[in-house]
Amino acid sequence: MNPSHILVVGGSGFIGRHLVAKLAAQGRHVLVPTRRREHARHLISLPRVEVIEADIHAPGIAHSLLQGMEAVVNLVGILHGAEGGPEWGRAFDRAHVQLPRLIAEAALDAGVTRMVHMSAMGVTDAPQSRLPSRYLRSKAAGEAALRSLDGLQCTILRPSVVFGADDAFLNLFARLQRTLPVVALAGAQARLAPVWVEDVAQAAIHLLDEPGAVGRAFELAGPEIFTLQELVELAGLWSGHPRPVVALPDLLARPLAGLMEILPGEPLMSRDNLDSLKLDNVPSGPIDPLCGIQPRSLREAGPAMYGGSLMTRLSRWREQAHR
Ligand SMILES: NC(=O)c1ccc[n+]([C@@H]2O[C@H](COP(=O)([O-])OP(=O)(O)OC[C@H]3O[C@@H](n4cnc5c(N)ncnc54)[C@H](OP(=O)(O)O)[C@@H]3O)[C@@H](O)[C@H]2O)c1
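This write-up is about the structure you can find in this document. Bear in mind the structure is a predicted one, so any value in this text is a computation, not a measurement.

## Looking at the overall build of the protein chain
Within the protein chain, the regular secondary structure consists of 11 helices and 13 strands. Against the globule reference of 20 Å for 323 residues, the protein chain gives a C-alpha radius of gyration of 19 Å, in line with a compact fold. Counting only C-alpha atoms, the protein chain reaches 55 × 45 × 40 Å along its principal axes. A total of 323 residues make up the protein chain; the buried ones form 52% of that total. Once local pairs closer than 6 in sequence are excluded, the contacts in the protein chain between residues at least 24 apart make up 75%. Summed over all atoms, the accessible surface of the protein chain reaches about 14600 Å², with 56% contributed by carbon and sulfur. In the protein chain, 32 side chains carry a positive charge and 32 a negative one; their mean positions are 4 Å apart.

What follows is the structure in structure tokens.
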């Protein structure tokens, strides 16, 4: 397979910037649409990477972006979406169901059949499985929409929480502990298997090139399982500001999350995020060898990854990633 011209939708995000850099380093040509060019500024200087400001939802845009492409990767995802509209809400429906379908239909129309689509751990192939959150249910509906398209050679990835020097997740908890005397944590006992962003990018490329991956879904996870509370404590420890982490009972956590949803800006935690945490974010078995990765240990990587200033951490990451 080894496509040489690839459209990466959502390529400006956390996982996207690692994937795009890896693809470009392999000599492939990558086109990244973004709603705001500013969001993809870190990609603009990379060789063989073209960033284009475009509204991928607008009629005809996906089709024209797909001209000359040999494959498409869809990484678009959101964590919060208001209720209303379909069962999982309009925003989740637009980003997780309508958009993958629109991209895949445009790809088929443009003669591009190969697609890699980023879903999330917890989603399964069983259509009747009852998932606890609107986020997960919309991700499942997105997968189902892609599976229903004849002729599409799609591979689905389902990562657990993804870590890296520039992640939003552990860095947020490290930052909070720099300023707060104590962290009150909802969903503290949820179990997660954090997977390194470079492993996710590597697996995505490996599977994109692998004919045996067509029509299949792959879980991506790291080698260790932590509770959310352990992860938050480690983030504080590694960043040099360990604080007591207190587990909030659900009875208090839900109204607090509801309050965060109505405050301006992205909520730190929504009620739907709490619902997602009801399902353990751990793989159902060993990582499939077809993914071509030996997942890195967060426990080993964490102290160097989250210690020191962001600049120090980013330069350490560049060294590790041979950039
Ligand atoms: N990070 C994790 O721990 C994790 C775990 C499991 C699954 N995933 C999944 O992996 C994928 C990538 O995650 P990430 O952490 O890299 O996300 P991210 O950093 O938030 O990036 C999201 C990307 O999606 C684009 N985007 C967001 N909303 C959009 C919309 N309405 N229309 C068009 N584009 C939109 C953004 O592009 P612009 O702003 O440039 O337009 C951005 O490039 C997502 O599908 C996510 O659900 C992530």
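## Some points on the pairing of strand E2 (residues 29–34)
Counting buried positions along E2 yields 5 of 6 residues, so the element is predominantly enclosed. Strand direction decides the pairing type here: strand E1 (residues 5–9) and E2, joined by 3 bridges, are parallel. By the bridge assignment, His-5 is partnered in E2 with His-29. Note on the crossover from E1 through helix H1 (residues 14–25) to E2: the handedness is right-handed. In terms of strand pairing, E2 meets strand E3 (residues 49–53) through 5 bridges, oriented parallel. Residue pairing for E3: Val-32 is matched across the bridge by Val-51.

## Here we look at the packing of helix H7 (residues 228–238) against helix H10 (residues 298–306)
Where H7 contacts H10, the two axes come as close as 8 Å, and the packing angle between them is 40°. As far as their axial angle goes, H10 and H7 are oblique. Relative to H10, H7 is oriented so that their crossing is right-handed. Residues Leu-231, Leu-234 and Trp-238 of H7 form the contact with H10, whose own contacting residues are Leu-298, Arg-299, Gly-302, Pro-303 and Tyr-306. Grouping the constituent residues of the contact of H7 with H10 by class yields 6 nonpolar, 1 polar and 1 charged.

## Structural notes on the environment of Arg-41
Of note, Arg-41 is situated in the loop between E2 and E3. Separated by 167 residues in the primary sequence, Arg-41 and Leu-208 have C-alpha atoms spaced 25 Å apart.

## Considerations on the site of the ligand
In the region of the ligand, 21 residues are neighbours, and Ser-12, Thr-34, Arg-35, His-39 and Lys-139 sit closest. In the model, a nitrogen atom of the ligand is placed 2.9 Å from a nitrogen or oxygen of the His-57 side chain. Tyr-135 places a side-chain nitrogen or oxygen 3.0 Å from an oxygen atom of the ligand. Against a free-state accessible area of 900 Å², the protein chains account for coverage of 81% of the ligand. Partitioned by chemical class, the residues of the shell around the ligand number 10 nonpolar, 9 polar and 2 charged.

## Regarding the sheet that holds strand E4 (residues 71–74)
Spatial ordering of the open sheet is given by E3-E2-E1-E4-E5-E6-E11, a layout of 7 strands whose pairing is parallel. Where the open sheet ends on each side, the last strands, each with one partner, are E3 and strand E11 (217–220). Within the sheet, the average angular offset between the axes of one strand and its neighbour, ignoring direction, is 20°. One ladder, built from 4 bridges, connects strand E6 (residues 153–159) with E11; its direction is parallel. Bridge pairing in E11 places Leu-157 opposite Phe-218. With respect to the sheet, helix H6 (residues 197–209) is in contact with E1, E4, strand E5 (114–118), E6 and E11, its orientation differing from that of E5 by roughly 155°.

Reading guide: rules and limits
- Residues numbered from 1 in each chain as written.
- Predicted model: local features only at pLDDT ≥ 70, side-chain atom pairs only at ≥ 80, totals over all residues.
- Heavy atoms only, no water.
- Helix = DSSP H or I, 4+ residues; strand = E, 2+ residues; numbered from the N terminus.
- Rg over C-alpha atoms; globule rule 2.2 N^0.38 Å.
- Buried < 20%, exposed > 50% of the residue type's maximum accessible area, 1.4 Å probe, protein only.
- Contact = heavy atoms within 4.5 Å.
- Areas by Shrake-Rupley, 256 points an atom, 1.4 Å probe, with all protein chains shown as cover.
- Lys, Arg positive; Asp, Glu negative; His and termini not counted.
- Charge placed at Lys NZ, Arg CZ, Asp CG, Glu CD.
- Pairing = 2+ DSSP bridges.
- Right-handed = clockwise from strand over helix to strand, strands pointing away.
- Axes fitted to C-alpha atoms, helices over the stretch in contact; angles between N-to-C directions.
- Parallel < 35°, antiparallel > 145°, perpendicular 65-115°, else oblique.
- Left-handed = near helix turned anticlockwise from the far one by under 90°.
- Nonpolar A, V, L, I, M, F, W, Y, C, P; charged D, E, K, R; others polar.
- Near = heavy atom within 4 Å.
- Polar contact = N/O pair within 3.5 Å; in protein donor to acceptor, adjacent residues only side chain to side chain.

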